[in-house]
Amino acid sequence: PGTGEILGEVADGDAADVDAAVAAARSAFREWAAVPPLARARILREIADIVRRNARELAGLDAANCGNPVTEMMGDATIAAAQLEFF
């Protein structure tokens, strides 16, 4: 954020980390593709519910990071949850 405050820490990645992430994504895609469509829909709805339950915290982090109002970021969380349900 513009204040220089640290909101959290993340690990630095290198090329090997990228390769490992791509391999994991390929493996996960094969598993996900085998999940029946109605089960996938249920999982995405559960994720949407998690986003909604944590919308205020997510909005607060986003607002602290980029300076937008929390209320505006709450709208983004709502849209994200709706998109998860759509797909």
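Residues numbered from 1 in each chain as written. Predicted model: local features only at pLDDT ≥ 70, side-chain atom pairs only at ≥ 80, totals over all residues. Heavy atoms only, no water.

(A) Representation of the packing of helix α2 (residues 37-53) against helix α4 (residues 70-86). Relative orientation of the contacting elements α2 and α4 amounts to 170°, with a least axis distance of 8 Å. As judged from the angle between their axes, α2 and α4 are roughly antiparallel. Across the interface between the two elements, L44, R45, I47, A48, V51 and R52 from α2 touch A77, A81, A82, L84 and E85 from α4. (Axes fitted to C-alpha atoms, helices over the stretch in contact; angles between N-to-C directions. Helix = DSSP H or I, 4+ residues; strand = E, 2+ residues; numbered from the N terminus. Parallel < 35°, antiparallel > 145°, perpendicular 65-115°, else oblique. Contact = heavy atoms within 4.5 Å.)

(B) Molecular detail of the pattern of salt bridges. Following the criterion strictly, the structure yields two salt bridges and no others. Residue E46 pairs with R42 through a salt bridge whose shortest N-O separation is 2.8 Å. Within this pair, E46 and its partner R42 are both found in helix α2, separated by four residues, close to a single helical turn. Residue E46 is classed as partly exposed on the basis of its relative accessible area of 39%. Residue R42 is classed as partly exposed on the basis of its relative accessible area of 40%. (Salt bridge = Lys/Arg side-chain N within 4 Å of Asp/Glu carboxyl O. Buried < 20%, exposed > 50% of the residue type's maximum accessible area, 1.4 Å probe, protein only.)

(C) Representation of the environment of P69. By secondary structure assignment, the location of P69 is in the loop between α3 (55-66) and α4. Relative accessible area serves as the criterion here: at 46%, P69 is assigned to the partly exposed category. In sequence terms P69 and A59 are 10 residues apart; their C-alpha atoms lie 8.5 Å from each other.

(D) Just the packing of aromatic side chains, in detail. Within the structure shown, the criterion is met by one aromatic pair. Here F86 and F87 contribute two aromatic rings whose centre-to-centre distance is 4.9 Å and whose plane-to-plane angle is 85°, an arrangement assigned as edge-to-face. Taking the relative accessible area as the measure of exposure, F87 reaches 71% and is therefore exposed. (Phe/Tyr/Trp six-rings, centres within 6.5 Å; stacked < 30°, edge-to-face > 60°.)

(E) Here's a closer look at the nonpolar core. Core analysis: the biggest nonpolar cluster contains five residues, these being A48, V51, A55, A77 and A81. Breaking this core down by element, the ones donating at least two residues are α2 and α4. With residues up to four places along the chain from it excluded, the contact list for A77 reads V51 and A55. (Core = buried A, V, L, I, M, F, W, Y, C linked by side-chain atoms within 4.5 Å.)

(F) Structural context of α4. Its 17 residues give α4 an end-to-end C-alpha distance of 24 Å, which sits within 8% of 24 Å, the value for a rise of 1.5 Å per residue. The complete set of buried residues in α4 reads M73, A77 and A81. Projection of α4 onto a plane perpendicular to its axis shows the buried side chains occupying an angular sector of 90°, all on one side. Of the exposed residues in α4, those oriented more than 90 degrees away from the buried face are T71 and F86. Those residues of α4 hidden inside the fold are in contact with α2 and α3. (Expected span 1.5 Å × (residues − 1). Arc of directions from axis to C-beta.)

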